Amino acid sequence: MRGILLAGGTGRRLRPITTSVSKHLLPVYDKPMIFYPLSTLVSLGIREILLVTTPVDRPLFQRLLGDGSQWGLRLEYVAQPRPEGIAQALVLGEDFLGGMSSALVLGDNLFHGMDFAAWARSGVELTGGHIFAYPVDQPSDYGVVEFSSDGRVRSLQEKPARPRSRYAVPGLYFYDTEVAKIARGMRPSARGELEITAVNEYYLRERTLRVTVMDRGSVWLDTGTVADMARATEYVRVVDERHGIKIGCIEETAWRAGFIDDTQLRLLAQPLLGSGYGEYLLRLLD
């Protein structure tokens, strides 16, 4: 499986903060926002990842992340000329995927406490699509899953004015080898975008869409607004200070995945000493 990380867009809801910098490079507590979804992909055992971003922001991401080799990864980059929908990332990444299955994650989504890798570790081949559902107070801001009384998926809605359920679809999607072709064949919506909900609806019609309700106690945070970023920062800070755990620590995630060894982790910690971040990495080795 290969990963696609979508970090494009204009950051309109975060203006004026995002006037000169991508929102995905803004800090969420002690690390850039992009570290959180990147860590999610790495926790799945994914080493080959395509970062989709704007042409103007691409050099900034490359300066921050490089080619990923310091974490045992292979990072590639592609520019999204205009923000024309989440599913556009699948079209832009078709050559990168090379006929392999994929995990697509949004660059402003933070996950914690949910073992997304459970099915991956089981060795079961991915067929169709696999998405998640999470109860929220304002489902109209997201894609929405409607369930029947027996737990089956009845319908999917894209930012509906009148949601049929409280279950939003978080920004993490798993697809089989056909998804790029499916996305390429989609027509833009009334908003002029290739909607990821349309891709999911295709799999739903084919009866190959799996939807998993996230576990109680798991956390999904969308950091697309100033208030959302503040909440995410506070959550990460509390977990760090109370439990001594750094959420979204890409160095630790790569080390635990076996992508880097103890010596490499120690080397990564050295330039980060003094901020508390490097000291945390060294404590992992104890």
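Use the structure listed above.
Everything numeric here is computed off the predicted structure, so don't read it as measured data.

**Remarks on the packing of aromatic side chains**
Enumeration over the complete set of coordinates arrives at 8 aromatic pairs. Residues Phe-132 and Phe-174 carry aromatic rings whose centres are separated by 6.1 Å and whose planes lie at 70° to one another, so their mutual orientation is edge-to-face. In this pair, Phe-132 is assigned in strand β8 (residues 129-135) and Phe-174 in strand β12 (residues 172-175), connecting sequence segments 42 residues apart. By the burial criterion, Phe-132 is buried, and Phe-174 matches it. An aromatic cluster of at least three residues, connected via ring pairs, comprises Tyr-173, Tyr-175, Tyr-202 and Tyr-203. The side chain of Arg-47 reaches across the aromatic face of Phe-259, ending 4.2 Å from its centre. Sitting over the ring of Tyr-280, Lys-246 keeps its end group 5.6 Å from the ring centre.

**What to know about the nonpolar core**
Counting 47 residues, the largest nonpolar core has Leu-5, Leu-38, Leu-65 and Trp-71 as the members making the most contacts within it. Discounting residues that sit within four places of it in the chain, Leu-38 has contacts with Leu-5, Ile-49, Leu-65, Trp-71, Leu-73, Leu-75 and Ile-250. Counting 29 residues, the second-largest nonpolar core is a separate cluster that includes Leu-156, Val-169, Ile-182 and Met-186.

**Notes on the layout of surface pockets**
Taken as a whole, the largest pocket spans an internal volume of roughly 970 Å³. In terms of lining residues, the largest pocket is bounded by 39 residues, among which Arg-13, Lys-23, Ile-86, Asp-108 and Lys-159 are the most central. Those elements that place two or more of their residues in the lining of the largest pocket are β1 (2-7), α7 (196-205) and β14 (219-222). Sorting elements by how many residues they give to the lining of the largest pocket places α7 first, with 3 residues.

**Looking at the side chain of Gln-80**
Tracing the sequence through the fold places Gln-80 in the loop between β5 (74-79) and α3 (88-92). A distance of 2.6 Å separates the side chain of Gln-80 from the side chain of Gln-88, its partner in a polar contact.

**Describing the environment of Lys-181**
Tracing the chain through its elements places Lys-181 in helix α6 (residues 179-184). The spacing of Lys-181 and Leu-90 is 91 residues in sequence and 8.6 Å in space, taken between C-alpha atoms. Looking at Lys-181, its side chain comes within polar contact range of the side chain of Glu-178, at 2.8 Å.

**A short note on the side chain of Ser-165**
Residue position: Ser-165 is located in the loop between β10 (153-158) and β11 (167-168). Within the local environment of Ser-165, its side chain forms a polar contact with the backbone oxygen of Val-145, the two atoms lying 2.3 Å apart. Side-chain polar atoms of Ser-165 contact the backbone nitrogen of Tyr-167, separated by 3.0 Å. Ignoring anything within four residues of it in the chain, the contact list for Ser-165 reads Pro-139, Val-144, Val-145 and Glu-146.

**Digging into the pattern of salt bridges**
With the rule as written, the count across this model stands at 21 salt bridges. Between Lys-31 and Asp-30 there is a salt bridge; the shortest N-O distance is 2.6 Å. By relative accessible area, Lys-31 is classed as buried at 3%. Residue Asp-30 is classed as partly exposed on the basis of its relative accessible area, which comes to 27%. The salt bridge involving Glu-241 is made with Arg-237; its shortest N-O contact spans 2.7 Å. Taken together, the residues Glu-241 and Arg-237, both in helix α8 (residues 226-243) and 4 residues apart, mark about one turn of the helix. Judged by relative accessible area, Arg-237 falls into the partly exposed class, the value being 26%. When salt bridges that share partners are traced, they join Arg-2, Glu-48, Arg-74 and Glu-76 into one network.

**Some points on a positive patch on the surface**
Among the surface-exposed residues, Arg-12, Arg-13, Arg-15 and Lys-159 lie close enough to one another that they form a single positively charged patch. Of note, Arg-15 is situated in the loop between β1 and β2 (27-28). For Arg-15, a relative accessible area of 47% puts it in the partly exposed group.

**Some thoughts on the packing of helix α10 (residues 262-269) against helix α11 (residues 277-285)**
At a closest axis distance of 8 Å, the pairing of α10 and α11 adopts a crossing angle of 160°. Looking at the two axes, α10 sits roughly antiparallel to α11. Here α10 and α11 pass one another in a crossing that is left-handed. In contact with Asp-262, Leu-265, Arg-266, Leu-268 and Ala-269 of α10, α11 contributes Gly-278, Leu-281, Leu-282, Leu-284 and Leu-285.

How each quantity is defined
Residues numbered from 1 in each chain as written. Predicted model: local features only at pLDDT ≥ 70, side-chain atom pairs only at ≥ 80, totals over all residues. Heavy atoms only, no water. Phe/Tyr/Trp six-rings, centres within 6.5 Å; stacked < 30°, edge-to-face > 60°. Helix = DSSP H or I, 4+ residues; strand = E, 2+ residues; numbered from the N terminus. Buried < 20%, exposed > 50% of the residue type's maximum accessible area, 1.4 Å probe, protein only. Lys NZ or Arg CZ within 6 Å of the ring centre and 35° of its normal. Core = buried A, V, L, I, M, F, W, Y, C linked by side-chain atoms within 4.5 Å. Contact = heavy atoms within 4.5 Å. 1 Å grid on protein atoms, 1.4 Å probe; cavity = no way out; pocket = protein on both sides within 12 Å on 5 of 7 lines; lining within 4 Å. Points joined across faces, edges and corners; volume = space filled by probe spheres on them. Polar contact = N/O pair within 3.5 Å; in protein donor to acceptor, adjacent residues only side chain to side chain. Salt bridge = Lys/Arg side-chain N within 4 Å of Asp/Glu carboxyl O. Patch = residues over 30% accessible without salt bridge, like charges linked within 9 Å, V, L, I, M, F, W, Y side chains within 5 Å. Areas by Shrake-Rupley, 256 points an atom, 1.4 Å probe, with all protein chains shown as cover. Lys, Arg positive; Asp, Glu negative; His and termini not counted. Charge placed at Lys NZ, Arg CZ, Asp CG, Glu CD. Axes fitted to C-alpha atoms, helices over the stretch in contact; angles between N-to-C directions. Parallel < 35°, antiparallel > 145°, perpendicular 65-115°, else oblique. Left-handed = near helix turned anticlockwise from the far one by under 90°.

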